[in-house]
Amino acid sequence: MLQAHMARKTRKNQKKKSNRQKRKPVVSITAATADKHVLYQQSVQDADVTQEFVDEIWASHREDKAMRMREDFCGTALFCAKWVQSEPGRTAVGIDLDRETLDWGIEHNINPLSADAKKISLLCQDVLDADVSSKFDVIVAFNFSYWVFKERQTLLQYFKRVREALDENSVFIMDMHGGPDAQFEMEEPTDMGEFDYVWEQAEFCPITHNTVCHIHFHFRDGSKLNKAFTYEWRLWTMPELRDILMEAGFSRIDTWFDEDDGTDEYAICETTANMEAWVAYLAAWK
Ligand SMILES: C[S@@+](CC[C@H](N)C(=O)[O-])C[C@H]1O[C@@H](n2cnc3c(N)ncnc32)[C@H](O)[C@@H]1O
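Residues numbered from 1 in each chain as written. Predicted model: local features only at pLDDT ≥ 70, side-chain atom pairs only at ≥ 80, totals over all residues. Heavy atoms only, no water.

### Side note on the overall build of the chain
Convention followed: Every helix listed is a DSSP run of H or I at least four residues long, and every strand listed is a run of E at least two residues long, numbered separately from the N terminus. Exposed residues in this analysis have more than 50% of their type's maximum accessible area, buried residues have under 20%, and partly exposed residues fall in between, with area computed by a 1.4 Å probe over protein chains only. Note on contacts: a residue pair is in contact if any heavy atoms of the two residues lie within 4.5 Å. Only the protein chains shown count as covering a residue, and every accessible area follows the Shrake-Rupley method with a 1.4 Å probe. Charged residues are defined narrowly, with Lys and Arg counted positive, Asp and Glu counted negative, and His plus the chain ends left uncounted. Where a charge sits is defined by one atom per residue type, namely NZ (Lys), CZ (Arg), CG (Asp) or CD (Glu).
On a plain count of helices and strands, the chain comes out with seven helices and twelve strands. The buried share of the chain, reckoned over its 286 residues, is 55%. The contacts in the chain between residues at least 6 apart in sequence include a share of 70% that link residues at least 24 apart. For the chain, the accessible surface area stands at approximately 13,200 Å², while carbon and sulfur atoms represent 49% of it. Each charge class in the chain was averaged separately, 34 positive and 49 negative side chains, and the resulting centres sit 3 Å apart.

The structure is reproduced here in structure tokens:
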């Protein structure tokens, strides 16, 4: 079955394991006491695994270290925080439209970094308006966030501006998911220990590929945080995205795919066998 909103299988498995170890049987969170951003970060993100993977993608073509990273659609900026801690001298810029989410991230993810907090700038703006004069080694857009751009022209404009903001021989990394399961309405719970993370694909239109998805959290006392997060996206296909990236001027696009060969590892693939559901990464090099 589709594991749609879990960007990496390895990430998901590690997360499940660590949550089992951390499970606290006495005090349980409920819908009334839960913080949806904490639950989101626990369920969906693993900044350690993501940072290692970004470094692996960089190392596939470069022998130095990527230092300047921009995280588009950064939400709570968890990845920015991880990035600046991972190597001395690393800096990060996070961009998100939502002030409340950024403020939560500043309080919970950035301020606790003390001196390293100064290495991060968070900008409350549309990624389409991002400054293209400061140059980055890596720009990332994770958890399918760029699917908010439903028109081809808008996505092309976004990719062109991302490319412009990259230094030479630098890389734009984004994730995507697909397979026939991505086109069906479904609800998939994942046991996170103290709560269930529930990914719902509520609507899909085969004509426009517009889709509406929700994240719900269900607690052990029976209480629920329904529609904690809602996404109205276009389900872009791999060939469409590769074409638009080429049109935007990227010189090389690597598809990182987990071929389900039992290794649980992503590798650059030209072709692969069909699957009901998959999560892949596109690395577009300037
Ligand atoms: C799915 S969350 C992604 C959070 C985080 N990047 C992650 O990997 O989990 C999508 C985020 O994109 C932001 N967003 C949506 N449209 C945007 C835009 N045009 N420019 C900047 N941020 C946007 C939303 O506010 C939200 O925080």
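### So, the nonpolar core
Our working definition: To qualify as a nonpolar core, a set must consist of buried Ala, Val, Leu, Ile, Met, Phe, Trp, Tyr and Cys residues joined through side-chain atoms within 4.5 Å. Domain limits in this description derive from either an automatic procedure or a database domain assignment.
Residues Tyr146, Tyr158, Phe159 and Phe172 are the most contacted members of the largest nonpolar core, which totals 60 residues. The element contributing the most residues to this core is helix α6 (residues 152-164), with five residues. Taken domain by domain, the makeup of this core includes at least three residues from each of domain 1 (9-176 + 237-285) and domain 2 (182-230). Trp58, Cys80, Leu122 and Val171 belong to the second largest nonpolar core, which has 31 residues in total.

### Looking at the site of the ligand
The condition is simple: One heavy atom within 4 Å of a molecule or strand makes the whole residue count as near it. We call two N or O atoms a polar contact when they sit within 3.5 Å, provided that within protein one can donate a hydrogen and the other can accept it, with sequence-adjacent residues counted only if both atoms are side-chain atoms. Cavity: a set of points on a 1 Å grid over the protein atoms alone where a 1.4 Å probe fits but cannot get out. Pocket: an open set with protein on both sides within 12 Å along at least five of seven lines, its lining residues, like those of a cavity, having an atom within 4 Å of a point. To be counted as sitting in a cavity or pocket, a molecule needs more than half of its atoms within 2 Å of that site's grid points. All residues other than Ala, Val, Leu, Ile, Met, Phe, Trp, Tyr, Cys, Pro, Asp, Glu, Lys and Arg, Gly among them, are scored as polar; the first ten of these are nonpolar and the last four charged.
Close to the ligand lie 18 residues, the nearest being Tyr40, Phe73, Asp96, Val127 and Asn143. Here a nitrogen atom of the ligand sits 3.1 Å away from a polar atom, N or O, in the side chain of Asp126. Between the ligand and the protein, one listed contact pairs an oxygen atom with a side-chain N or O atom of Asn143 at 3.0 Å. Applying the majority rule of atoms within 2 Å of the grid points places the ligand in the largest pocket. When grouped by side-chain class, the residues that make up the shell around the ligand number nine nonpolar, five polar and four charged.

### Some remarks on the sheet that holds strand β8 (residues 210-219)
What counts, and what does not: Two strands are said to pair when DSSP picks up at least two bridges between them. Note on definitions: angles span 0 to 180 degrees between N-to-C directions of axes, and those axes are lines fitted to C-alpha atoms, for helices only across the stretch in contact.
Taken in spatial order, the four strands line up as β6-β7-β8-β9 in an open sheet, and their pairing is antiparallel. Of all the strands in the sheet, the pair left with one neighbour each is β6 (186-191) and β9 (224-234). Strand-to-strand twist in this sheet, taken as the mean axis angle between neighbours without regard to direction, amounts to 20°.

### Thoughts on the packing of helix α2 (residues 36-44) against helix α5 (residues 99-110)
We count it as follows: In these notes the angle categories are as follows: under 35 degrees is roughly parallel, over 145 is roughly antiparallel, 65 to 115 is roughly perpendicular, and the rest is oblique.
Close contact between α2 and α5 brings their axes to 11 Å; oriented N to C, the two are set at 75°. In terms of orientation, α2 lies roughly perpendicular with respect to α5. From α2, His37, Val38 and Gln41 reach across to α5, where they touch Glu100, Thr101, Trp104 and Asn109. Counted by class, the contact of α2 with α5 contains two nonpolar, four polar and one charged residues.

### Topic: the packing of aromatic side chains
To keep things clear, this is the line we draw: Two rings from Phe, Tyr or Trp (for Trp, the six-membered ring) form a pair when their centres are within 6.5 Å of each other. A pair whose planes differ by under 30 degrees is stacked, one over 60 is edge-to-face, and the rest are tilted. The criterion for a charge sitting over a ring is simple: Lys NZ or Arg CZ within 6 Å of the ring centre, and within 35 degrees of the ring normal.
Overall, the coordinates contain 27 aromatic pairs when judged by the stated rule. Taking 6.1 Å as the distance between ring centres and 50° as the angle between the ring planes, the aromatic pair formed by Phe79 and Trp83 counts as tilted. Placement of both Phe79 and Trp83 in helix α4 (residues 78-86) is noted, with a separation of four residues, approximately one turn of the helix. On the basis of an interplanar angle of 45° and a centroid distance of 5.3 Å, the ring pair of Phe257 and Trp278 is categorised as tilted. A residue pair is termed long-range when its members are at least 10 positions apart, and Phe257 in strand β10 (residues 252-257) and Trp278 in strand β12 (residues 278-285) qualify at 21 residues. Exposure remark for Phe257: the relative accessible area of 6% places this residue in the buried category. Chaining the aromatic ring pairs together yields one cluster made of Phe73, Phe144, Tyr146, Trp147, Phe149, Tyr158, Phe159, Phe172, Trp199, Tyr231, Trp233 and Phe250. Residue placement shows Arg90 over the ring face of Trp83; its charged tip is 3.7 Å from the ring centre. The ring of Trp236 carries the charged tip of Arg234 above its face, separated from the ring centre by 3.6 Å.

### Comments concerning α6
Test applied: Here the expected length of a helix is defined as 1.5 Å per residue gap, with one fewer gap than residues.
Counted at 1.5 Å a residue, the expected span for α6 with its 13 residues is 18 Å, and the 18 Å between its end C-alpha atoms agrees. Looking at the buried positions of α6, the neighbouring elements they touch are β1 (68-72), β4 (136-141), β5 (166-178) and α7 (238-247).

### Remarks on the packing of α6 against α7
Quick note on the threshold: Left-handed describes a crossing whose near helix is turned anticlockwise from the far helix through less than a right angle; right-handed describes the clockwise counterpart.
With their axes 9 Å apart at the nearest point, α6 and α7 run at an angle of 55° to one another. Between α6 and α7, the interaxial angle falls into the category oblique. When the axes of α6 and α7 are compared, the crossing they make is right-handed. Across the interface between the two elements, Arg152, Leu155, Leu156, Phe159 and Lys160 of α6 pack against Leu241, Asp243, Ile244, Leu245 and Glu247 of α7. Class assignment for the residues of the contact of α6 with α7 results in six nonpolar, no polar and four charged.

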